[in-house]
Amino acid sequence: MRVALVQLTTGRDLAANLDLVRAGIREAAARRAAVVVFPEASMRAFGNSLVDIAEPLDGPWATAVAAAADEAGVVVVVGMFTPGDADTVRNTLLVHGRGVHAHYDKIHLYDAFGFKESDTVTAGTEPRQFTVDEVTFGLGTCYDVRFPALFTANAEAGAQVQIVCASWGAGPGKAEQWDLLVRARAADTTSYVLACGQSDPSAAGVDARRGAPTGIGRSAVVSPYGKLIERAGDGPEILYADIDPSAVEEARRTLPVLANRVML
């Protein structure tokens, strides 16, 4: 199965961001990708108001993305915002295409490095997976990648591939942490990891609010043994990779960390 990771930088304008998503879907479909992954906050970049643009999964922005996925014949995973509790939003991954319609609400909120996502976002509570052509994918969003239990839960629910959509905050050591964490989540679940981040706004020629987690690029595809297969730079680009479920089966026979795990 061919997958595509569309690394881009979104801004404040929903229509402009939707155009970026549509263009990414078309290009990935032309390259025969079956699953097309976009970053967290593709609907609107962090550093902008979110409550005023949050919409349900059948709202106009989400419906337009779903229509683009259906037209291209692909499954799309894209970051958006849905209504939360008491004037907050949920940081949501929409999954649509090829008969799949699912979503995941980010569980671990980014209250770190001087940013407090919980001020404006309601946390999700449940892991989510979806299946395409007998390949099962688990979902995670940005700060989730620091919490191995979520990815173990996905793997135990059948996930062979872990998707991490992000808008990673910049700062000293942050790129190194991102690189380490996406490889670690592959190795400790013997799963592929597809880690798709927002590109660095400065590399994309986009103005961004200082202090907001607006992306550093470095999207990556990682093997079930934690080996880096593909990595993006800091600007907009699309990564392509071919996922082989038999490689996951082989890794789990050779390195049965999921089977050997002891509950403490």
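For clarity, every value in this text was computed on a predicted model and none was experimentally measured.

K.L.:
What is the right way to read the pattern of salt bridges from this model?
P.N.:
Should the charged atoms of two oppositely charged side chains come close, the side chains can pair. By the definition in use, this model includes 12 salt bridges. With a shortest N-O distance of 3.7 Å, aspartate 19 and arginine 22 are connected by a salt bridge. Here the residue aspartate 19 and the residue arginine 22 both occupy positions in helix H1 (residues 14-30), the gap between them amounting to 3 residues, near one helical turn. Residue classification places aspartate 19 among the partly exposed residues on the basis of a relative accessible area of 44%. Accessibility expressed as a relative area gives 31% for arginine 22, which makes it partly exposed. Between aspartate 179 and arginine 218 there is a salt bridge; the shortest N-O distance is 2.4 Å. With aspartate 179 in helix H4 (residues 174-187) and arginine 218 in the loop between helix H5 (201-204) and strand S12 (220-222), this pair connects stretches of sequence that are 39 residues apart.

K.L.:
I would appreciate a short explanation of empty space enclosed by the protein in the present structure.
P.N.:
Here the structure, examined in full by the defined rule, presents 1 cavity of 30 Å³ or more. By volume, the largest cavity is sized at about 80 Å³. Around the largest cavity sit 14 residues that line it, and Tyr110, Cys142, Ser167, Gly169 and Pro213 are the ones nearest its centre. Across the lining of the largest cavity, the residue classes tally to 7 nonpolar, 2 polar and 5 charged.

K.L.:
When you look at the environment of threonine 82 in this model, what are you seeing that I'm missing?
P.N.:
On the secondary structure map, threonine 82 appears in strand S3 (residues 75-83). Sequence spacing of threonine 82 and alanine 62 is 20 residues, and the spatial spacing of their C-alpha atoms is 9.7 Å. A distance of 2.7 Å separates the side chain of threonine 82 from the side chain of threonine 92, its partner in a polar contact.

K.L.:
Please clarify how H4 should be interpreted in this entry.
P.N.:
Residue pairs three or four apart in sequence face the same way in an α-helix, which turns once every 3.6 residues. The end-to-end C-alpha separation of H4 is 20 Å, in line with the 20 Å expected for 14 residues at 1.5 Å each. Those residues of H4 that are buried are in contact with helix H3 (148-156), strand S10 (161-166), strand S11 (192-197), S12 and strand S13 (228-231).

K.L.:
Could you clarify how one ought to interpret the layout of surface pockets in this entry?
P.N.:
Unoccupied space between atoms shows up once a probe the size of one water molecule is rolled over them. Its volume calculated, the largest pocket comes out at about 360 Å³. Forming the walls of the largest pocket are 21 residues, and the residues nearest its centre are Ala170, Arg210, Gly211, Ala212 and Thr214. Broken down by class, the residue content of the lining of the largest pocket amounts to 10 nonpolar, 7 polar and 4 charged. A volume near 260 Å³ is recorded for the second largest pocket. Lining the second largest pocket we find 15 residues, and of these Gly47, Asn48, Phe115, Thr120 and Arg209 sit closest to its centre. Along the lines of polarity and charge, the residues of the lining of the second largest pocket split into 6 nonpolar, 5 polar and 4 charged.

Rules used throughout
Numbers given to residues run from 1 along each chain, matching the order in which its sequence is written. With the structure being a predicted model, the display of local features is reserved for residues of pLDDT at least 70 and the display and counting of side-chain atom pairs for 80 or more, all residues being used for whole-chain, interface and lining totals. Calculated side-chain values reflect all of the structure's heavy atoms, with hydrogen atoms and water omitted. What makes a salt bridge here is a side-chain nitrogen of Lys or Arg within 4 Å of a carboxyl oxygen of Asp or Glu, nothing more. The secondary structure listing takes helices from DSSP runs of H or I that are at least 4 residues long and strands from runs of E that are at least 2 residues long, numbered from the N terminus. Each residue's exposure class comes from its accessible area (1.4 Å probe, protein chains only) as a fraction of the maximum for that residue type: buried when under 20%, exposed when over 50%, partly exposed otherwise. A cavity here means a set of 1 Å grid points, computed over protein atoms only, where a 1.4 Å probe fits but cannot escape. A pocket is an open set with protein on both sides within 12 Å along at least 5 of 7 lines, and lining residues have an atom within 4 Å of a point. Grid points are joined across faces, edges and corners, and a volume is the space filled by probe spheres set on the points. Throughout, the ten residues Ala, Val, Leu, Ile, Met, Phe, Trp, Tyr, Cys and Pro are labelled nonpolar, Asp, Glu, Lys and Arg are labelled charged, and all others, Gly among them, are labelled polar. Counted as a polar contact is a pair of N or O atoms within 3.5 Å, where, for protein atoms, one must be capable of donating a hydrogen and the other of accepting one, and residues adjacent in sequence contribute only when both atoms are in side chains. Each residue after the first adds 1.5 Å to the expected span of a helix. By the convention used here, residues are in contact when the closest approach between their heavy atoms is within 4.5 Å.

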